[in-house]
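Coordinate analysis (summary)
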Amino acid sequence: MKVTLSALDTCESSFTPLVVIELAQDVKDETKEWLKNRIITKKKDGGAQLLFRPLLNKYEKETLENQNLYLVGASNIRLLLGAEAVGLVKECSDSTMRAFTYGTRKNFKGFDDNNDDFLTMAECQFIIKHELENLRARDEKMIPGYPQAKLYPGKSLLRRLLTSGIVIQVFPLHDNEALKKLEDTWYTRFTLKLQPLDNIRGYFGETIALYFGFLEYFTFALIPMAIIGLPYYLFVWEDYDKYVIFASFNLIWSTVILEVWKRGCANMTYRWGTLVMKRQFEEPRPGFHGVLGINSVTGREEPLYPSYKRQLRIYLVSLPFVCLCLYFSLYVMMIYFDMETWALGLHESSGSEWTSVLLYVPSIIYAIVIEILNRLYRYAAEFLTSWENHRLESAYQNHLILKVLVFNFLNCFASLFYIAFVLKDMKLLRQSLATLLITSQILNQVVESLLPYWLQRKHHMQVKRKVQALKADIDATLYEQVVLEKEMGTYLGTFDDYLELFLQFGYVSLFSCVYPLAAAFAVINNFTEVNSDALKMCRVFKRPFSEPSASIGVWQLAFETMSVISVVTNCALIGMSPQVNALFPESKTDLILIVVAAEHALLALKFILAFAIPDKPRHIQMKLARLEFESLEALKQQQMKLTAEKLKDESREEGGEKMAG
């Protein structure tokens, strides 16, 4: 990254700005000095031991705007020690993946003392974020200059600074040269090709790369469903008994694609090092608060919070709130059916072309309302989950995802289940499913990518004109970049992106025997989604901090649960079809028993397939077993060495006693 401002021309010639901290405009000087000291102080004295510089020097602040922007970096040695502290895994010279240690750095592929490229920029920014988040209060009772911003031992300083409004934001800087190269190989040329997942991982980290890998894989996996569904849509629309083959294929397909994805994911994450990364003793999340104490497992000093208080908050507040929201969602759904009845009655009474178009209006309005409710509920769920005070980031994410999934599932699919199994109106089911699917896809494309990109472009031009007018003879390349990026939106993670795919998977798998075209619409949407999401990551939002990840996490379980529900749904829909009912004119009990037996048989087949397909390829299993064996051997050798030294010391003591005697 090109650095041109004189503020960085210091004795630290190797200083490369990696992270930006923006303070509020009226922050007091003593607060700035205290924060600077905590960041640059040595680790043993409670600091982060990082490099900290203002973006502008005194002269430039007078010439340009008085921005409270500061740059954070780190020396190469500090980053290498940080890589060891966070447990980064890198490739060794013998092609194995091992946790990096500074003492054995020469054994790792591509390492050179004179080379600063061993760690990717994303890894460096992740290390700095980790160090900043783990700056905790020691003896301070408050933030200097702000008596109302109370502190207690163990409290995350960055969290308190953010909640107090002293720090506005903390974000990693883009590398414009690397970003341009990534864009050229990713989305700027509209050709059918695989995404450069390794390059995405190198720039944005494993979590983002895994999302794009899953999006690409899921899109290609939908193509067989789309191809098979097209003739069913064209030729056998009303013959539901002929959909048995299609529905059966759908059930096997949904199981196989998820199991095969796990194998591909294991291959990728082993190559990236995160599959081997040890995270058994995850540190408390920055938002976790409690009385400072000693963790009984790790022996480390950290905030402690009684689990019974968390459980009370979950069961006495969060659970009732979620139930209330679900009830409200069902109430809105009944209003939608009243609108459908009104539109249908109007059409039957007049029968004009205008009223035939009006039949789709209730579904379109309901689809928009669903999107609004989903987004409002998301904010409430985030607040509640944060208030529950979960110690680990993984626990926080799992509780948040569970809350949001339950509401979104009911909000998006309750009307379809009601139409299918209460009203038993297959024509209305097809119409509603098509409208919900297409409307939600269009809204997501506009709200997530196109509208933010247009607003960002407009703001970008305003800032460039402003900087050109202000900078006079100063080369403010870095200043311009930081000012532009600080005004960009903040990427809130892959949650919404996975949720969109989860709902899409539900539309495709739950009612495939009624609307086979769902897969085709999903494929078309996802081909554009890859490019719009790439544009969003590169040009709309600030660069997110890299986060190591070994899988898509709890989303894998969510997709697998949806595939189980789809078995029951499709079997019930086929059992309700007139053609199948005609086979059992006298006894409906026999029909129910056969449908239940078929459903159990398909579920059994599904679980057999899931068991038969290993989650990790054989060669990955062998490499992981080898690493575990070597770790045990190394531990054994260390214990033998300690035992030998102890015996040697004891023999020396005995020899000394004999000589004394």
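Residues numbered from 1 in each chain as written. Predicted model: local features only at pLDDT ≥ 70, side-chain atom pairs only at ≥ 80, totals over all residues. Heavy atoms only, no water.

1. Some thoughts on the overall build of the protein
When you go through the protein residue by residue, the secondary structure sums to 21 helices and 10 strands. Burial statistics for the protein: of 661 residues in total, 49% are counted as buried. (Helix = DSSP H or I, 4+ residues; strand = E, 2+ residues; numbered from the N terminus. Buried < 20%, exposed > 50% of the residue type's maximum accessible area, 1.4 Å probe, protein only.)

2. Brief notes about the packing of helix H18 (residues 554-576) against helix H20 (residues 588-612)
Helix packing geometry: the angle between the two helix axes and the distance between the axes. Where H18 contacts H20, the axes come no closer than 9 Å and their chain directions differ by 155 degrees. Classified by the interaxial angle, the pair formed by H18 and H20 is roughly antiparallel. Both H18 and H20 take part in a crossing whose hand is right-handed. Along the contact surface, H18 presents Glu560, Ser563, Val564, Val567, Val568, Cys571, Ala572 and Gly575, while H20 presents Leu591, Val595, Ala598, Glu599, Leu602, Leu603, Lys606 and Phe607. Here the contact of H18 with H20 is composed, by residue class, of 11 nonpolar, 2 polar and 3 charged. (Axes fitted to C-alpha atoms, helices over the stretch in contact; angles between N-to-C directions. Parallel < 35°, antiparallel > 145°, perpendicular 65-115°, else oblique. Left-handed = near helix turned anticlockwise from the far one by under 90°. Contact = heavy atoms within 4.5 Å. Nonpolar A, V, L, I, M, F, W, Y, C, P; charged D, E, K, R; others polar.)

3. Focus on a nonpolar patch on the surface
Residues Tyr308, Leu312, Tyr315, Leu316, Val317, Leu319, Phe383 and Trp387 make up a contiguous nonpolar surface patch of about 860 Å² in total accessible area. For the nonpolar patch, the secondary structure elements donating two or more residues are helix H10 (307-350) and helix H12 (361-387). If you tally residues by element for the nonpolar patch, the top one is H10, at 6 residues. (Patch = residues over 30% accessible without salt bridge, like charges linked within 9 Å, V, L, I, M, F, W, Y side chains within 5 Å. Areas by Shrake-Rupley, 256 points an atom, 1.4 Å probe, with all protein chains shown as cover. Salt bridge = Lys/Arg side-chain N within 4 Å of Asp/Glu carboxyl O.)

4. Topic: the sheet that holds strand E3 (residues 69-73)
Strand order across the open sheet formed by 4 strands is E2-E3-E1-E8, with antiparallel pairing between neighbours. A strand with exactly one partner marks an edge of an open sheet, and here the two such strands are strand E2 (51-54) and strand E8 (167-172). With strand direction ignored, the average angle separating the axes of adjacent strands in the sheet is 20 degrees. As defined by bridge partners, strand E1 (residues 19-23) adjoins E3 across 4 bridges and the pair is classed as antiparallel. When the bridges of E3 are listed, glutamate 22 appears paired with leucine 69. (Pairing = 2+ DSSP bridges.)

5. A short note on the confidence of the model for the protein
Looking at the protein, the pLDDT average stands at 80 and 84% of residues meet or exceed 70. The low-confidence segment residues 1-13, where pLDDT is below 50, has 37 contacts with residues more than four positions distant or belonging to other chains. Note on residues 470-475: pLDDT under 50 across the span, and 13 contacts to partners over four residues away in sequence or across chains. (pLDDT = per-residue confidence, 0-100.)

6. Quick look at the pattern of salt bridges
Oppositely charged side chains can pair when the atoms bearing their charge come close. Counted under the stated rule, the structure contains 24 salt bridges. As a salt-bridge pair, lysine 90 and glutamate 123 come within 3.1 Å of each other at their nearest N and O atoms. Separated by 33 residues along the polypeptide, lysine 90 in strand E4 (residues 89-91) and glutamate 123 in helix H4 (residues 121-133) bring together distant segments of the chain. No difference in accessibility class separates lysine 90 from glutamate 123, as the two residues are buried. Of the charged contacts in the structure, one is a salt bridge between glutamate 91 and lysine 109, with a shortest N-O distance of 3.0 Å. With glutamate 91 in strand E4 and lysine 109 in the loop between strand E5 (97-99) and H4, this pair connects stretches of sequence that are 18 residues apart. Three or more residues joined by partner-sharing salt bridges are found here, namely Lys90, Glu123, Arg201 and Glu206.

7. Some words on the UniProt feature "transmembrane region" (unreviewed entry) in the protein
The UniProt entry lists residues 208-237, 243-261, 314-337, 357-377, 400-421, 501-524 and 591-613 under the feature "transmembrane region" (unreviewed entry), expressed in the numbering used here. Along residues 357-377 the backbone is 90% helical and 0% strand, and the end-to-end C-alpha distance reaches 31 Å. The distance from the first to the last C-alpha atom of residues 591-613 is 33 Å, and the span holds 96% helix and 0% strand. (UniProt positions renumbered as here; feature names shortened; annotations may be inferred.)

8. Overview of the environment of arginine 138
Mapped onto the fold, arginine 138 is located in the loop between H4 and strand E6 (142-143). Taking the C-alpha atoms as reference points, arginine 138 and lysine 155, separated by 17 residues in sequence, lie 8.3 Å from one another. In this structure arginine 138 touches Arg38, Lys44, Asp45, Gly46 and Pro153, once residues within four positions along its chain are discounted. Among the polar contacts listed, one links the side chain of arginine 138 to the backbone oxygen of aspartate 45, at a separation of 2.7 Å. (Polar contact = N/O pair within 3.5 Å; in protein donor to acceptor, adjacent residues only side chain to side chain.)

9. Thoughts on the environment of phenylalanine 220
Of note, phenylalanine 220 is situated in helix H8 (residues 206-235). Residue classification places phenylalanine 220 among the partly exposed positions, given a relative accessible area of 40%.

10. Quick word on the pairing of E1
In terms of burial, E1 is a largely internal element, 5 of the 5 residues being buried. Burial along E1 is two-sided: the face carrying Val19, Ile21 and Leu23 and the face carrying Val20 and Glu22 are both buried. Examined bridge by bridge, E1 and E8 share 5 bridges and lie antiparallel to one another. Paired with valine 20 across the bridge in E8 is phenylalanine 171.

11. Some points on unusual backbone geometry
Although it is not a glycine, glutamine 49 sits at a positive phi angle of roughly 55 degrees. Tracing the backbone through its elements, the reader meets glutamine 49 in the loop between helix H1 (29-40) and E2. Given a relative accessible area of 34%, glutamine 49 falls into the partly exposed group. Of note in the backbone geometry, lysine 424 takes a positive phi value of approximately 55 degrees without being a glycine. Note that lysine 424 resides in the loop between helix H13 (393-423) and helix H14 (426-470). When its relative accessible area of 56% is taken as the criterion, lysine 424 is described as exposed.

12. A word on H20
Across its 25 residues, H20 extends 36 Å between first and last C-alpha, which sits within 8% of the 36 Å expected from 1.5 Å per residue. Restricting attention to buried positions, one finds in H20 the residues Leu591, Glu599, Leu602, Leu603 and Lys606. (Expected span 1.5 Å × (residues − 1).)

13. Some words on the packing of aromatic side chains
Following the criterion strictly, the structure yields 34 aromatic pairs and no others. Where phenylalanine 52 meets tyrosine 70, the ring centres are 5.1 Å apart and the plane angle is 5 degrees; that geometry is what we call stacked. Taken together, the residues span a long stretch of sequence, with phenylalanine 52 in strand E2 and tyrosine 70 in strand E3 at a distance of 18 residues. Residue phenylalanine 52 is classed as buried on the basis of its relative accessible area, which comes to 5%. Residues phenylalanine 100 and phenylalanine 118 carry aromatic rings whose centres are separated by 5.4 Å and whose planes lie at 45 degrees to one another, so their mutual orientation is tilted. Of this pair, phenylalanine 100 sits in the loop between E5 and H4 while phenylalanine 118 sits in the loop between E5 and H4; the two residues are 18 residues apart in sequence, bridging distant segments of the chain. Residue class for phenylalanine 118 comes out buried when judged on its relative accessible area of 9%. (Phe/Tyr/Trp six-rings, centres within 6.5 Å; stacked < 30°, edge-to-face > 60°.)

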